[in-house]
Amino acid sequence: MKMARGENTLIKKYIPLAVNGGIGFGSKLKPKQLAVLGEYLDEDSEIELTTLQQLIVQIPEEKIEEAKRRFEEVGLSHYPVGKFVKNLRTCNFCKGEIEEGMPVAKELNKRIAGQEVPFTLRPAYTGCPIGCGEPLMNDIGVMKDHDEYELYIGGHPKGREARAGQLVRKNLNPEELYQLVDQILDIYRENGKKREKFYRFVDRFGFEQIKAALNL
């Protein structure tokens, strides 16, 4: 909060938050979650709905910590906005939580979402090879196949540079998957340029060089 020059009126400062209902099958919200969200928004606030299954909201700075606690109480996840790893984008269809590997998706999201990186990074997860979560078209993509996982990097969904990601490794168990993703993020942080998009980093640094750094 700061004072406008020559005025006695206080100007509110707002903090952006990315909010969703947590990692699940698609993007869903409950009425009580929407009600709590409304408690911290001005009457004329605009809410941005993103393709990453997030709502971008502006919370008054003096209420930000209270809002985070209330969101967590009703099952709303919140993430920083900007040059961070986004929450996992997940598929909308399923055969059941265990079969689709959703516990692994939740754990992976818990480990990586909100990490600071050179530029916004979009990960995606899908529970079967149909790929409804579009893992091959995101920066980091995970696809479950039977009881194992495949990891892709460098996908890009837009424009003339649109392309599918490249397979880093398949037949991964959950711990191997977590370790590889952690290492890839470290490589990006250590070698990426400021505001360098991840798919461009993969091109510049080299896919094979990344695999070599991963000892693959």
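Computed from a predicted structure; not experimentally measured. (Residues numbered from 1 in each chain as written. Predicted model: local features only at pLDDT ≥ 70, side-chain atom pairs only at ≥ 80, totals over all residues. Heavy atoms only, no water.)

Draft legend 1. Main features of the overall build of the protein. When helices and strands are counted, the protein shows six helices and ten strands. At 19 Å, the protein has a C-alpha radius of gyration in line with the 17 Å of a compact globule built from 216 residues. Residues counted as buried form 44% of the 216 residues belonging to the protein. Roughly 11,900 Å² of accessible area belongs to the protein as shown, and the carbon and sulfur atoms make up 48% of that amount. Placing the 33 positive and 33 negative side-chain charges of the protein at their respective mean positions leaves the two points 4 Å apart. (Helix = DSSP H or I, 4+ residues; strand = E, 2+ residues; numbered from the N terminus. Rg over C-alpha atoms; globule rule 2.2 N^0.38 Å. Buried < 20%, exposed > 50% of the residue type's maximum accessible area, 1.4 Å probe, protein only. Areas by Shrake-Rupley, 256 points an atom, 1.4 Å probe, with all protein chains shown as cover. Lys, Arg positive; Asp, Glu negative; His and termini not counted. Charge placed at Lys NZ, Arg CZ, Asp CG, Glu CD.)

Draft legend 2. The sheet that holds strand β6 (residues 77-80), seen in detail. One open sheet accounts for four strands, arranged β4-β5-β3-β6; its pairing is antiparallel. The sheet terminates laterally at β4 (48-49) and β6, the two strands that pair on one side only. Pairing of strand β3 (residues 14-20) with strand β5 (residues 55-60) involves six bridges; the strand directions are antiparallel. Note that in β5 the partner of Pro 16 across the bridge is Gln 58. (Pairing = 2+ DSSP bridges.)

Draft legend 3. Up close: the confidence of the model for the protein. Of all residues in the protein, 92% have pLDDT values of 70 or greater, and the mean over the chain is 90. Every residue in residues 1-8 is under pLDDT 50, and counting partners more than four places away or in other chains gives 13 contacts. (pLDDT = per-residue confidence, 0-100. Contact = heavy atoms within 4.5 Å.)

Draft legend 4. Structural view of the packing of aromatic side chains. Applying the stated criterion to the full structure yields five aromatic pairs. A ring pair is formed by Phe 198 and Phe 201, whose centres lie 6.1 Å apart and whose planes are at 35°; its orientation type is tilted. Of this pair, Phe 198 and Phe 201 both sit in helix α5 (residues 198-205), three residues apart, which is roughly one turn of the helix. Judged by its relative accessible area of 1%, Phe 201 is buried. Residues Phe 201 and Phe 205 carry aromatic rings whose centres are separated by 5.2 Å and whose planes lie at 20° to one another, so their mutual orientation is stacked. Placement of the pair is Phe 201 and Phe 205 together in helix α5, with a separation of four residues, close to one helical turn. (Phe/Tyr/Trp six-rings, centres within 6.5 Å; stacked < 30°, edge-to-face > 60°.)

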